[in-house]
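# Coordinates in review
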Amino acid sequence: MILLAITIARQPQELPKVFRRARSQLVVFGVRLPLAILSAAFISMLVPPDAVVPYVGPESGFIGILAAVAFGAVIPGGPILTFPLALVVWRSGAGQAQMIALLASWSVFAVHRIISYELPMLGPRFVALKLTSSGWLPIIAGLIAMGVLALWPQ
Amino acid sequence: MSNRKTDFKLIDGGFNFLAAICLISGLFVFWFYGLPGVLSALRTAAGDSLFIIPLIALGVTIGALLTSLVPNEIVARHLGRQAGFRAIVLSSVIGSIMPGGPFVAFPIIVALGGAGASVGSLIAFLTAWSAVGVHRLLVWEIPFMGAEFGTLRFVCSIPIPIIAGVVANKLSDNVRALRMDWEKRH
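Residues numbered from 1 in each chain as written. Chains lettered and ligands numbered in written order. Predicted model: local features only at pLDDT ≥ 70, side-chain atom pairs only at ≥ 80, totals over all residues.

An unreviewed UniProt entry lists chain B under the name Permease, with Nitratireductor aestuarii given as the organism. Its UniProt record gives chain B the following Subcellular location (unreviewed entry) comment, quoted word for word: "Cell membrane". Turning to chain B, the UniProt record has this under Sequence similarities (unreviewed entry): "Belongs to the UPF0718 family." (UniProt positions renumbered as here; feature names shortened; annotations may be inferred.)

As annotated in an unreviewed UniProt entry, chain A is Permease from Nitratireductor aestuarii.

Take a look at the structure:
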């Protein structure tokens with residue numbers, strides 16, 4: 001609401017553009033999300049919790065973080081696919097720190113983005129430098145989360 | 001309005017892929033649990049959709065407003081002039097609040113490189129946009145996993161782009177194979 005007020009005050013001529021942009025995004029989401037959410041509901045019935053909890057459950061610790069990072073790194077898609085999938089893992093009993101490592105890993109590696117944007121626009125050397133400097137950081141994010149959760153019990 | 005169909009395609013590869021996943025997993029559920037299983041999944045999905053989609057709509061609107069408030073060229077010009085650790089922190093902050101998909105972010109990164117920003121700033125910006133992403137928090141994480149998890153994820157991700165930027169600058173300066181000669185490439 002505050003943002004809306006600022007926009008109206010500063011750039012009223014931008015408003016139609018804002019709504020067009022929001023609407024075209026929402027139409028795409030509106031068609032795909034129900035499908036993705038339904039798939040997630042189906043898949044979570046098919047995935048037994050035993051297949052998730054021992055690997056990335058709250059008690060899985062550092063190994064669980066490594067497993068989550070490995071899993072996150074190979075998710076080849078945008079958020080419409082990833083978040084319903086993450087919801088499946090989450091509901092099957094994944095730990096919060098492991099979930100954070102998974103999402104961080106997905107966002108840092110993002111195979112689809114490397115192929116379609118980073119390689120063509122920024123070049124292989126940039127991608128190599130990016131992966132060496134940030135590829136191990138999802139593990140750090142998971143460890144920070146473990147630390148925060150230990151200090152700040154739910 | 002008559003050419004609305006040409007603006008964006010609703011039924012494309014992504015849609016077909018999702019539809020296929022949905023159909024296949026649905027058939028498996030039907031196979032294992034029969035019709036009651038499918039119906040209970042439909043109920044879960046309907047409940048989730050009612051909860052998730054309005055929140056996503058709100059997040060998308062906030063994102064669209066932010067996009068119009070953050071003018072890309074000005075961002076690139078200002079960040080390009082900064083240097084060192086300060087540039088990395090600033091790139092991380094702006095990358096985090098930068099809304100929009102890759103088609104918005106990548107042209108900015110290229111423009112930043114052209115404006116003379118260090119490679120560490122570029123990597124900090126890219127990593128902040130993808131891994132910290134306030135936009136992602138609003139559109140995806142809070143609707144799907146709740147505000148508490150979203151906040152924890154956000155807080156734990158804040159150091160990531162800063163570390164990435166510092167390491168990238170060090171590597172680029174010291175490892176010949178990873179040295180970026182941005183000016184020569186463009």
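Another point: the overall build of chain A. Of regular secondary structure, chain A possesses nine helices and zero strands. Taken from the N to the C terminus, the helices and strands of chain A come in the order α-α-α-α-α-α-α-α-α. Counting across all 154 residues of chain A, residues that qualify as buried make up 45%. (Helix = DSSP H or I, 4+ residues; strand = E, 2+ residues; numbered from the N terminus. Buried ≥ 20, exposed ≤ 12 C-beta atoms within 10 Å, placed from the backbone.)

With that settled, consider the overall build of chain B. Of regular secondary structure, chain B possesses 10 helices and zero strands. Sequence-ordered secondary structure for chain B, helices as α and strands as β, is α-α-α-α-α-α-α-α-α-α. Split into buried and exposed, the 186 residues of chain B put 42% on the buried side. Counted over contacts in chain B with a minimum sequence separation of 6, partners at least 24 positions apart contribute 77%. (Contact = placed C-beta atoms within 7 Å.)

Residue and element names in this part refer to chain B. The assigned domain composition of chain B is domain 1 (9–64) and domain 2 (70–185). Counting residues at the interface gives seven residues for domain 1, matched by eight residues for domain 2. Per-class residue counts for the side of domain 1 that touches domain 2 are five nonpolar, two polar and no charged. (Domains from an automatic or database assignment. Nonpolar A, V, L, I, M, F, W, Y, C, P; charged D, E, K, R; others polar.)

Attention now moves to the packing of helix 4 (residues 61–73) of chain A against helix 6 (residues 96–109) of chain A. All names here are of chain A. Look at helix 4 against helix 6: their axes get within 7 Å of each other, and the N-to-C directions meet at 35°. In this structure, helix 4 crosses over helix 6, and the sense of that crossing is right-handed. Contacts from Gly-64, Ile-65, Ala-68, Val-69, Phe-71, Gly-72 and Ala-73 in helix 4 reach Ala-97, Gln-98, Ala-101, Leu-102, Leu-103, Ser-105, Trp-106 and Phe-109 in helix 6. Taken together, the residues of the contact of helix 4 with helix 6 sort by class into 11 nonpolar, four polar and no charged. (Axes fitted to C-alpha atoms, helices over the stretch in contact; angles between N-to-C directions. Left-handed = near helix turned anticlockwise from the far one by under 90°.)

Further remarks concern the interface of chain B and chain A. Across the boundary between the two partners, chain B contributes 63 residues, which contact 60 residues of chain A. Across the side of chain B that touches chain A, the residue classes break down as 45 nonpolar, 13 polar and five charged.

All right, on to the UniProt feature "transmembrane region" (unreviewed entry) in chain A then. In the numbering used here, UniProt assigns the feature "transmembrane region" (unreviewed entry) to residues 26–47, 62–90, 97–115 and 135–152 of chain A. Helix makes up 83% of residues 62–90 of chain A and strand 0%, and the two end C-alpha atoms of the span are 17 Å apart.

On to the domain arrangement of chain A, then. Residues and elements named next belong to chain A. What the domain assignment lists for chain A is domain 1 (1–46) and domain 2 (49–154). Residue-level contacts link nine residues of domain 1 with eight residues of domain 2. Here the residues of the side of domain 1 that touches domain 2 sort into six nonpolar, two polar and one charged.

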